[in-house]
There are 2 protein chains.
Amino acid sequence: MEKDHIHFMRKALEEAKYAFYKNEVPVGCVIVNENEIISRSSNMVELLNDSTAHAELIAITSAQNSINNKNLDGCILYTTLEPCLMCHGAIYWSKINTIVYGASDEKRGFSRHNLEIDRKINIVKGVMEEESRELLENFFKKIRG
Amino acid sequence: MEKDHIHFMRKALEEAKYAFYKNEVPVGCVIVNENEIISRSSNMVELLNDSTAHAELIAITSAQNSINNKNLDGCILYTTLEPCLMCHGAIYWSKINTIVYGASDEKRGFSRHNLEIDRKINIVKGVMEEESRELLENFFKKIRG
């Protein structure tokens, strides 16, 4: 039986929890090729002092290194939070076909924009949504309180 | 007298020419803070085998390193080609206020999308447009011929 979305989202959530522990906005990502994880990352914006160091972007770069191919056609990206415009653009260039995400990001998620993308990207949303959202909410409570 | 847009776009064009020489899609970028260049990059997608390695994204990361601050508020980004969605998203997160670009990218430029961005980014386009476009056209002629 193929490992399912829950299985891989749980791995992405582990990355997000690691980010939480490191005082980063808790978002995690894994990229899967032929049912195996080929890269994983947590958000590293604070660690690297780099506003482009979102989990998805790092995971894409890492996946391309991992398989020594910048074409990730056939891969699935799992992320605990809906990708932002930057990460969605990065997904576009990587040729990843499917995005699976947990919590929605109403303010900065890509889906609030009316994008006209010239290739089909499948979107599966709401996988382990509650866990992903709670982690984010707890983080913002922690830093504000 | 302040150095003007042409001056800095010429520097970005030097980066684009370097990319051309290295068989990369010729796009170059510089980021300017208080009238001084704090980072520069050419497109490095082929060199790094990384589809996220656009000139703008690398220049943003480099600028944040350069001034040891991920907030680039007040900076101007010069790029020879209209930024794509990914790079526009990266510019958004960096808090760069002004984008100056040369050639338009009708297929993959950000401006073809109807983006609803929650902060104002000033756009100046068409600076040294012809030089930037010619360089791109010559590149695609070279690789196709």
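Please refer to the structure placed before this passage.
Description of the structure in this document. (Residues numbered from 1 in each chain as written. Chains lettered and ligands numbered in written order. Predicted model: local features only at pLDDT ≥ 70, side-chain atom pairs only at ≥ 80, totals over all residues. Heavy atoms only, no water.)

1. Examining the packing of aromatic side chains
Argument step 1. Under the criterion given, the structure shown has twelve aromatic pairs over all chains.
Argument step 2. For the ring pair F20 of chain A and F139 of chain A, a centre distance of 6.0 Å and an interplane angle of 70° mean the geometry is edge-to-face. Residue F20 of chain A is found in helix α1 (residues 5-21), and its partner F139 of chain A is found in helix α5 (residues 129-144); the two are separated by 119 residues along the sequence.
Argument step 3. On the accessibility criterion, F139 of chain A (3% relative accessible area) is buried.
Argument step 4. Ring centres of Y92 of chain A and W93 of chain A lie 5.2 Å apart, and the angle between their planes is 75°; on these two criteria the pair is classed as edge-to-face.
Argument step 5. The lysine or arginine in question, K142 of chain B, covers the ring of F20 of chain B, its NZ or CZ lying 4.2 Å from the ring centre. (Phe/Tyr/Trp six-rings, centres within 6.5 Å; stacked < 30°, edge-to-face > 60°. Helix = DSSP H or I, 4+ residues; strand = E, 2+ residues; numbered from the N terminus. Buried < 20%, exposed > 50% of the residue type's maximum accessible area, 1.4 Å probe, protein only. Lys NZ or Arg CZ within 6 Å of the ring centre and 35° of its normal.)

2. Side note on the interface of chain A and chain B
Argument step 1. Counting from both sides, the interface comprises 31 residues of chain A and, opposite them, 31 residues of chain B.
Argument step 2. In total, about 2800 Å² of surface goes out of reach between chain A and chain B, with carbon and sulfur atoms giving 51% of it.
Argument step 3. Three residues stand out in chain A for area buried against chain B, namely N49, K70 and W93 of chain A, and they jointly supply 24% of the buried area on that side.
Argument step 4. Here chain A is connected to chain B by six salt bridges.
Argument step 5. Counting across the chain A and chain B interface gives 16 residue pairs in polar contact (both at pLDDT 80 or more).
Argument step 6. Put simply, the parts of the chain that give the side of chain A that touches chain B at least two residues each are α2 (45-48), α3 (55-66) and α4 (85-94) of chain A.
Argument step 7. Ranked by the residues each element gives to the side of chain A that touches chain B, the list is headed by α4 of chain A, at seven residues.
Argument step 8. Across the side of chain A that touches chain B, the residue classes break down as eleven nonpolar, twelve polar and eight charged. (Contact = heavy atoms within 4.5 Å. Buried area = accessible area lost by both parts, 1.4 Å probe. Salt bridge = Lys/Arg side-chain N within 4 Å of Asp/Glu carboxyl O. Polar contact = N/O pair within 3.5 Å; in protein donor to acceptor, adjacent residues only side chain to side chain. Nonpolar A, V, L, I, M, F, W, Y, C, P; charged D, E, K, R; others polar.)

3. Brief notes about α5 of chain A
Residue and element names in this part refer to chain A.
Argument step 1. Its 16 residues place the ends of α5 23 Å apart at the C-alpha level, agreeing with the 22 Å of an ideal helix rising 1.5 Å per residue.
Argument step 2. All buried positions along α5 are accounted for by S132, L135, L136 and F139. Burial along α5 is one-sided: seen end-on, the buried residues are contained in an arc of 95°. Along α5, exposed side chains directed more than 90 degrees from the buried face belong to K141 and R144.
Argument step 3. If you follow the buried residues of α5, they end up packed against α1, β3 (76-81) and β4 (98-103). (Expected span 1.5 Å × (residues − 1). Arc of directions from axis to C-beta.)

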